[in-house]
Every structure is written in structure tokens, then in C-alpha cells.
There are 2 protein chains.
Amino acid sequence: MTTIKDISKVAGVSVTTVSRALNGYSDVNEETRKKILEIAKQLNYSPNTLARGLVMKKSQTIGLLVSGMNRESVKDNLTFQVLCGINECVSVRNYDLILFNTDSTRQREKTYTQLCRERKVDGVIIQGIKLDDPYLKEVMESDIPCVLVDIPVETNTVGYVTTDNVLGAKKAVEHLIELGHQNIAMVNGSNQAFVSKQRLKGYEIALKENGIKVKRNWIVDGEFKEEMAKEVVLSLLSSTPEITAIFCASDLMAMGALKACQEQGLVVPNDISIIGYDDILLASYVTPSLTTIKQDMFEMGYEAADLLVDMLEGKAKKRHRILETKLVQRESCTRI
Amino acid sequence: MTTIKDISKVAGVSVTTVSRALNGYSDVNEETRKKILEIAKQLNYSPNTLARGLVMKKSQTIGLLVSGMNRESVKDNLTFQVLCGINECVSVRNYDLILFNTDSTRQREKTYTQLCRERKVDGVIIQGIKLDDPYLKEVMESDIPCVLVDIPVETNTVGYVTTDNVLGAKKAVEHLIELGHQNIAMVNGSNQAFVSKQRLKGYEIALKENGIKVKRNWIVDGEFKEEMAKEVVLSLLSSTPEITAIFCASDLMAMGALKACQEQGLVVPNDISIIGYDDILLASYVTPSLTTIKQDMFEMGYEAADLLVDMLEGKAKKRHRILETKLVQRESCTRI
DNA sequence: CACTTTATCCGAAACGTTTCGGATAGTTAA
DNA sequence: TTAACTATCCGAAACGTTTCGGATAAAGTG
């Protein structure tokens, strides 16, 4: 546990000089600097980030608030992909990552601001937060730099990265329409999620632009869960058999819909077309494989981190980034 | 940013008393304690963990070294599951998690000990490290408390959690033997991974105990990759068509094997049986679904964290934990 | 009454950095 | 020659805690 002080003793200079030498200041002689560097290496010195953080009031760490890291969320590893992206960027830009779990009640005892201030994180990335989460309000009022994944809130200190969910949903529904479908239902996710509202909007726009009437009772809530989606689709199918296509706001729900159809003896895509959203790993493995709207969650994470660091270093021109989505055609949709 | 000092001023006591009041020491009057607590709440105080860590020489954080958080590793989310388990336990036991990425060359500039000491982590969990990784040697020599996932190294300060990989592999192969197979090949993973050695051992034991000769050239290396496994199985099949079953050391490789068979016009399981290892999510979604050896990675992570915290708090009786594996029968194996 | 206890409190040092405001000696410009 | 620079260094304060070793006064003990 050698400190700057140890080095200063060996080198016969003050701690000030050691500090300045190590940090590349110009007011230290090249020879002394070399000597100090050598001694530091020899003594196997590594700086104490706690002490440094204490005086500098920053810690080179980014806080990561994730929900959906529980046992159940293993099926769609969107969360993991985002995390990988963040991690990648963060280590490139020389920050460290500290993980907060917002699912745990334990951590819920602390407010958002407390959480951040205690650990002196320089900035925060938030992923998977719901619109009605009290944390969100705090985020907007706080002055801690923050980037939200998939929630478009922008203030002086908070930015976001997202895909254009309206456009994405529109693409999906337009694809169905191009295939000749007119009776298109939608399985949406929890409407406490921002993306749900957006995808619904895209669905409605696509229909309207093509002169198709939106029917309220054809829009059902699958809560982003496979099981739930299966149930609602089951009752949807029995009440309105004229439906020929279903747009699902997530692949997981699309898989639920798939099961519902199979249970009803309908074959996908011949009897009914299903299109999903996300392009999760499973999408290409289920039978029939899912046609879907792909979003690159790894990139989403990467961009989120990149944006945050830009903001921290004062070189962010704008505080949001919008990524592209892409239609991926597989086997679950067909022309009628 | 209220500090303990601010509180002391308002309360008219010394910082010592505030500190001791907040930390529940007995030598402070209940009334003053109450007053202090109230003021603290009112001033919205939260302690500075940096300052605390500096003087206490510990930080209530656990370092997490993971490899396999890159773009490619999205398919098997074993890593993610472990991470979820760790996260869950860690937040229950009131620690925070700091993430180090060992893939990045950036972080590789620092030694393991540097990484840990700089951040003053109390302990470390390491996941996905290879046997020939220089970090591993450092871990064993260092005095930083550490728990390894799936590498059985035990010293005064390091422990591990793993499954019995020999037994797991043995179960798999025995299952094949029970189904009447005698000509059983093995696709192993990189032999720089500890689990590979173990699973190979289990394979050999199972064969020997049943009087079947182990053939060296029936054991091939798929490097834990789907593509690679496909290739080696392809050449295996053409050179030794008498093989009736393949034991793969991971589900991902089993999927590669599956593809290889299909490409050769063999139908699984009728022409050839395939058994995997891990029970990843995809295992139940591929066709035919994979019979495999399940290990509960969430629990693995949870136990790793639990063990580490036990060690940190001096209440670990033993420094290793062994988890169970389970045979999961699906469609990829059949009796001959 | 002269002590020992007990209940409360506090001052100051310590943790390992960074940085502000000089200090010193040699060099340059006028 | 003298004033102004320049290059190089350093002392000390500051960051926000914890904790050791007392200090004070009231209460108990014989």
C-alpha cells in the first residue's frame, strides 16, 4: 500500500511534486519526473481513488440503474445486451461502472439522489425504468448528469437514447398492410412504459395513412409478458376471428401470441400473420421464426454511455441520440 | 451536499457525536441522537462513502471481473444469469457492485491487484476467467478476498463455487449408455477452461465404468463455439460414421453439432443422439430440443456473492460451495 | 467525605490525494 | 545594475469521515 508520501520520501521531494509529476504537470523538471515515475513503478504504486475522489469531488465512475435483473428476466436478454454495450464504451473511455439494483427493496430505501451522492458517481445511466417510477421524477429534478435508455426526457443535465418507436411500429404495420392485411390487431406492452405509447401511435398512424379504421377493442395489453400475451390473444381470437394479422410490441409477446394461435389450431403464417418487435435471440429460433423489427440494444447501450461521457466532458452538442430500427423478414408473416 | 459538520453545527454538538449518533454507538444520549437523526433527515444528509472508505480502508463494494461481455457472447446468457444472481445477493447483503471488464485491452494495462486496490474493493468475484490468464496467478498470490466461479482454487483468501462437472458429464454420458449407445464421441470446449478438463474426465469415467474404450480421436475441440463445433463434427462424422451419439460440453456446441448433422442429412435423434451441457435458454427452442445437463447459473452467482460476503464478515466455515446439476430430457436423444 | 463509576460528550489526528499561493535561484531584458 | 521572468519546487489547507484518548459532571459506594 505505497502512497504518494512514500514516493516523496524516497525521491527526496515533496508530495506536491510527486503528485504533479504523476499527473503530467509542466512545472516539474523532466529528470525529477523520470525519477519519480521510476520509483513509483518500483514501489508498485497505485493511486487511491477514494482519496482522489474526495478532494476532486468526482470519481470517474458511472452509476448504472437497471431494473429487470431478476431471475425471471432471463428470457429476453435485451437488458444484458444494453449492459454489454455500456460496459464496452465505458471502459474505452476510462470510467468504471457501479451497479445499482432498482428491483431490490433494499435499495429502494434510498432515494435516487442519495444513491448517487453517496457513491459520488459522476453520472448515471438508467435502463428499464417505468414512467410511473418515482425515481424518474427525481432524475428530472436532480442536477446529476443522466442518460435514459428509451425514455425521451431532456433537461439541462439529462439526455436519452432511443430508437424511433413510432417509426418502428409503423414499419411493422405497413409491412403487414403491404402483404394485403387489413384486419390487424395489436398486442401492446404495459402502458406505463414509454415505448408502448410510441408503438401504439405508430400502429395507429400506419392504419390511418392507409385508410384503415382503428378499432379500440383490437388493441390488447400483454404487459410485455409471454404468458399474458398468450391469454389475451386467446380471448381476442375467439371474439374476433376476422383478424388476419397481429402486431406485437415485443418478441416475447409475439411468442405468446404464437402459442395462442397454435393452441387454437391456427397455423402461422398461413391462417394468421404475426410480427414482433426487438429481434431477441429467440426470434430466429422459434417455429415459425419471427418476422420482427430489430433494434440493436448493444449499440443502444454503447451510445448511451458515449453520450453520457460526452456530457460529462462538456462536449455533447445535443443531449439525445436516435438509433435506427430495421425490418427483419422471417417466416411468421405471409401475403393474403 | 450537507456534511456531518453541518449537522453538528445545527445540533450544537461536535462532529464526533454526530458520527457516533448516526452509527448507533451507545455513548450518546437518546435525546441528542433523536435530535441529530431528525436534523440529518431534514437536511437530507447522506454520508460520503469516499471519505468513509478512506479512513475505514474498506468501501462496501465488491469488484466483479467478467469476461464474455462482448458483442458476440449474447447467445448464451450464462454470464448474464450469473450476474443477476450476484447482483441479487449483493444488494440483499448491502454491498455495491463495481464492474471491471477484463476483455478490454484498456483495463489490461493494470494488474489485478492494482485494479482492486485503486478502487479499494473489499472483495472480488471472478467469472469466466481462463486457466492461462495471468490474472489467475495474481489472484492466488494476492491477499484480496476473492471467489472464483467455476474454478476450484482455494487459499486462505480465495474460495470458489462450482458444480461437479465430472459428475455432470458422467450423468450425460451414462444417460446415453443407458439408451444403448456405445459409440459416443465428445465435443469438448477450449482446454484452457477448467470445466473442459473436468467434463472430459467425467466422459472418460463413464465410458470406462461401462467397459467402453475411450478413443482419442473421437474427442474433438469445439472451443465452446457453435461454428467451430459444427466444423469439427462435420469432419468427425465423415471420418467415423459409426458414431451414434455425441456428448457436447456446452449447449452452444450441441447446436453446432445439430447443424452439422442436419447438413449431413442425418436426423436427430433417429440417426444420431446429441446431448448438451448448461441448459441455456435456446436449448428448449431449437428443433429438436436439446437433452442436456442443467446448471443453475443464477444460483451460482448468488452463492458466489453469498460466500464472498461470508468470507468478508468472517463467518464462512468453508471456502467453497458445490452446486447440483440435473439431467433434463428433451428430444435430441433416443434409444437404439 | 473521598473515592470510583457511569453517562455523555469532545478535540485532534488520521486516511491519501490535489491545489493554491507562494518561495527560491537562475536567466533575461532594459 | 536592476527589475522582471522563468523554471522548479514546496507548505499547508482542504475534502468528509472515523476513532482514540481523554474531559466533564453527575451518580453511586464505602
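The structure displayed is predicted, hence computed values, not measured ones.

Residues at a pLDDT of 70 or more form 97% of chain A, whose mean pLDDT is 93. The ipTM assigned to the predicted complex is 0.87, against a pTM of 0.90.

On to the protein's contact with DNA strand D, then. Around DNA strand D sit 28 residues, and of these Val13 and Asn29 of chain A together with Ile4, Ser19 and Ala51 of chain B come closest. Within the residue set of the surface near DNA strand D, elements represented by two or more residues are helix H2 (15-22) and helix H4 (49-56) of chain A together with helix H1 (4-11), helix H2 (15-22) and helix H4 (49-56) of chain B. Of the residues contributing to the surface near DNA strand D, the split by class is 14 nonpolar, 10 polar and 4 charged.

A few words on the interface of chain B and chain A. When the parts of a complex come together, some accessible area is lost, and that lost area is often taken as the interface size. Taken together, the contacts link 42 residues of chain B with 41 residues of chain A. Broken down by secondary-structure element, the contributors of at least two residues to the side of chain B that touches chain A are H4, helix H5 (78-92), strand E2 (96-101), helix H6 (105-108) and helix H7 (112-119) of chain B. Per element, the largest residue contribution to the side of chain B that touches chain A is 7 residues, and it comes from H5 of chain B. By residue class, the composition of the side of chain B that touches chain A is 17 nonpolar, 16 polar and 9 charged. Pairing analysis gives 3 bridges linking strand E2 (residues 96-101) of chain A to E2 of chain B, with the strands arranged antiparallel. Within the sheet, the bridge partner assigned to Leu97 of chain A lies in E2 of chain B and is Leu99 of chain B.

We now examine the protein's contact with DNA strand C. For DNA strand C, the set of nearby residues contains 27 residues, the closest of which are Ile4, Ser19 and Ala51 of chain A together with Val13 and Asn29 of chain B. Residue assignment for the surface near DNA strand C shows that the elements contributing at least two residues are helix H1 (4-11), H2 and H4 of chain A together with H2 and H4 of chain B. The greatest single-element share of the surface near DNA strand C, amounting to 5 residues, is contributed by H4 of chain A. Classifying every residue of the surface near DNA strand C gives 13 nonpolar, 10 polar and 4 charged.

Okay, the relation of the copies chain B and chain A next. Overlay of chain B on chain A (RMSD 0.1 Å): rotation 180°, translation along the axis 0.0 Å. One copy is carried onto the other by what is essentially a two-fold rotation axis. Residue Ile98 of chain B of chain B places its C-alpha closer to the rotation axis than any other residue of that unit, at 2.2 Å. Interface overlap between copies is the fraction of interface residues in one copy that are interface residues in the other; for chain B against chain A it reaches 98%, indicating a shared surface.

Attention now moves to the domain arrangement of chain A. By domain assignment, chain A separates into domain 1 (4-47), domain 2 (61-164 + 297-323) and domain 3 (165-295). The straight-line distance from the C-alpha centre of domain 1 of chain A to that of domain 3 of chain A is 64 Å.

In sheet architecture, strand pairing relies on hydrogen bonds along the backbone and comes in two forms, parallel and antiparallel. Residues and elements named next belong to chain B. Read across the open sheet, the 4 strands follow the order E7-E6-E8-E9; overall the sheet is parallel. Looking along the sheet, the strands with just one partner apiece sit at the ends: strand E7 (219-221) and strand E9 (273-275). Here the average twist between neighbouring strands, direction ignored, is 20°. With 4 bridges joining them, strand E6 (residues 184-188) and strand E8 (residues 245-248) adopt parallel strand pairing. Opposite Val187, over in E8, you have Cys248 as the bridge partner. Across the face of the sheet, helix H11 (residues 226-239) comes into contact with E6, E7 and E8 while running at roughly 155° to E6.

The next point concerns the UniProt feature "domain: HTH lacI-type" (unreviewed entry) in chain A. Sites flagged by UniProt as "domain: HTH lacI-type" (unreviewed entry) map to residues 2-56 of chain A. For residues 2-56 of chain A, the helix share is 67%, the strand share is 0%, and the end-to-end C-alpha distance is 21 Å.

One finds Cys248 and Ala257 of chain A together with Cys248 and Ala257 of chain B to be the most contacted residues of the largest nonpolar core, which totals 183 residues. With 10 residues, the single largest contributor to this core is helix H13 (residues 297-312) of chain A. When neighbours within four sequence positions are excluded, Cys248 of chain A is seen to be in contact with Val187, Ala229, Met253, Ala254, Ala257, Ile274, Ile275, Gly276 and Tyr277 of chain A.

All names here are of chain A. Within the open sheet, the 4 strands sit side by side as E7-E6-E8-E9. Their pairing is parallel. Edge positions in the open sheet fall to strand E7 (219-221) and strand E9 (273-275), since each of these has one partner strand only. Direction aside, the axes of adjacent strands within the sheet are offset by 20° on average. Here 3 bridges tie strand E6 (residues 184-188) to E7, and the two strands are oriented parallel to one another. Bridge pairing in E7 places Asn188 opposite Asp221. Running over the sheet, helix H10 (residues 194-209) touches E6, E7 and strand E8 (245-248) and is turned about 175° from E6.

Moving on to unusual backbone geometry. Across the junction of Val268 of chain B and Pro269 of chain B, the peptide omega takes the value 5°, indicating a cis bond. Among the structural elements, Pro269 of chain B can be located in the loop between helix H12 (251-263) and E9. Of the consecutive residues Thr287 of chain B and Pro288 of chain B, the connecting peptide bond is found in the cis state with omega at -5°. When you line up the elements, Pro288 of chain B lands in the loop between E9 and strand E10 (292-295). Of note in this structure, Asp279 of chain A is not a glycine but carries a positive phi near 60°. Within the secondary structure, Asp279 of chain A is located in the loop between E9 and strand E10 (292-295). By C-beta crowding, Asp279 of chain A is classed as buried, having 23 other C-beta atoms within 10 Å.

Residues and elements named next belong to chain A. Tracing the backbone through its elements, the reader meets Cys248 in strand E8. For Cys248, a count of 31 C-beta atoms within 10 Å corresponds to the buried category. Each C-alpha atom of the pair Cys248 and Ile129 lies 21 Å from the other, and the pair is 119 residues apart in sequence.

A few words now on the packing of helix H5 (residues 78-92) of chain A against H13 of chain A. Residues and elements named next belong to chain A. With their axes 6 Å apart at the nearest point, H5 and H13 run at an angle of 40° to one another. In terms of orientation, H5 lies oblique with respect to H13. Pair H5 / H13 crosses with right-handed handedness. Taken together, the residues of H13 that come into contact with H5 (itself represented by Leu78, Gln81, Val82, Leu83, Cys84, Gly85, Ile86, Glu88, Cys89 and Val90) are Met297, Phe298, Glu299, Met300, Gly301, Tyr302, Ala304, Ala305 and Asp306. Taken together, the residues of the contact of H5 with H13 sort by class into 13 nonpolar, 3 polar and 3 charged.

Cut-off values and rules
Residues numbered from 1 in each chain as written. Chains lettered and ligands numbered in written order. Predicted model: local features only at pLDDT ≥ 70, side-chain atom pairs only at ≥ 80, totals over all residues. pLDDT = per-residue confidence, 0-100. Near = placed C-beta within 6 Å. Helix = DSSP H or I, 4+ residues; strand = E, 2+ residues; numbered from the N terminus. Nonpolar A, V, L, I, M, F, W, Y, C, P; charged D, E, K, R; others polar. Contact = placed C-beta atoms within 7 Å. Pairing = 2+ DSSP bridges. Least-squares fit on C-alpha atoms with pLDDT ≥ 70 in both. Domains from an automatic or database assignment. Axes fitted to C-alpha atoms, helices over the stretch in contact; angles between N-to-C directions. UniProt positions renumbered as here; feature names shortened; annotations may be inferred. Core = buried A, V, L, I, M, F, W, Y, C linked by C-beta atoms within 7 Å. Buried ≥ 20, exposed ≤ 12 C-beta atoms within 10 Å, placed from the backbone. Parallel < 35°, antiparallel > 145°, perpendicular 65-115°, else oblique. Left-handed = near helix turned anticlockwise from the far one by under 90°.

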